Amino acid sequence: QVQLVESGGGLVQAGNSLRLSCAASGRTFSNYAMGWFRQAPGKEREFVAAIARSGGSSYYADSVKGRFTISRDNAKNTVYLQMNSLKPEDTAVYYCAATTQYASTTKYGYDYWGQGSQVTVAS
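In what follows, the accompanying structure is described. (Residues numbered from 1 in each chain as written. Predicted model: local features only at pLDDT ≥ 70, side-chain atom pairs only at ≥ 80, totals over all residues. Heavy atoms only, no water.)

## Re the state of the cysteines
Test applied: For the purposes of this analysis, a disulfide is any pair of cysteine sulfur atoms at a distance within 2.5 Å. Helix and strand definitions here come from DSSP, where helices need a minimum of 4 consecutive H or I residues and strands a minimum of 2 consecutive E residues; each element is numbered from the N-terminal end.
Taken as a whole and judged by the stated rule, the model has 1 disulfide. Here Cys22 pairs with Cys96 through a disulfide, and the sulfurs are 1.9 Å apart. With the S-S bond torsion at 45°, the cross-link from Cys22 to Cys96 turns out right-handed. Within this pair, whereas Cys22 is found in strand 3 (residues 18-25), its partner Cys96 is found in strand 9 (residues 92-99), the two being separated by 74 residues in sequence.

## Quick look at the sheet that holds strand 3
To keep it simple, the criterion reads: In this description, strands pair whenever DSSP reports at least two bridges between them. Axes here refer to lines fitted to C-alpha atoms; in helices the fit is confined to the stretch in contact. Angles between the N-to-C directions go from 0 to 180 degrees.
Taken in spatial order, the 4 strands line up as 1-3-8-7 in an open sheet, and their pairing is antiparallel. Looking at which strands have only one partner, the edges of the open sheet turn out to be strand 1 (3-7) and strand 7 (68-73). Direction aside, the axes of adjacent strands within the sheet are offset by 15° on average. Direction of pairing for strand 7 relative to strand 8 (residues 78-83): antiparallel, over a ladder of 6 bridges. By the bridge assignment, Arg72 is partnered in strand 8 with Val79.

Put into structure tokens, the structure is as follows:
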């Protein structure tokens with residue numbers, strides 16, 4: 001089992017940037033593909049970005065493509081989500097997730113989840 005802890009959320013003005021981090025522990029990090037999801041109040045949890053075990057491939061939701069970047073540092077057991085040009089509609093709790101399968105764009109493809117980090121974008 002792997003444990004995931006997100007950090008880096010907060011309150012920012014629209015147009016600014018934030019970087020989320022997700023630290024993993026418990027198992028070999030490079031064995032897991034990683035994903036970021038978000039959930040706004042009253043809405044379903046939705047896919048944001050995913051990255052393959054090696055970091056060689058990444059995938060994005062259309063709503064964040066060109067603004068967000070997912071990356072990982074396997075030596076530090078950490079996955080990142082760099083969020084630029086933030087919009088009020090990006091406001092949500094952001095979750096990182098891990099899977100031993102291939103990187104997935106659906107929440108059902110992940111086995112392990114962090115506790116979430118709140119991101120609030122003020123207009």
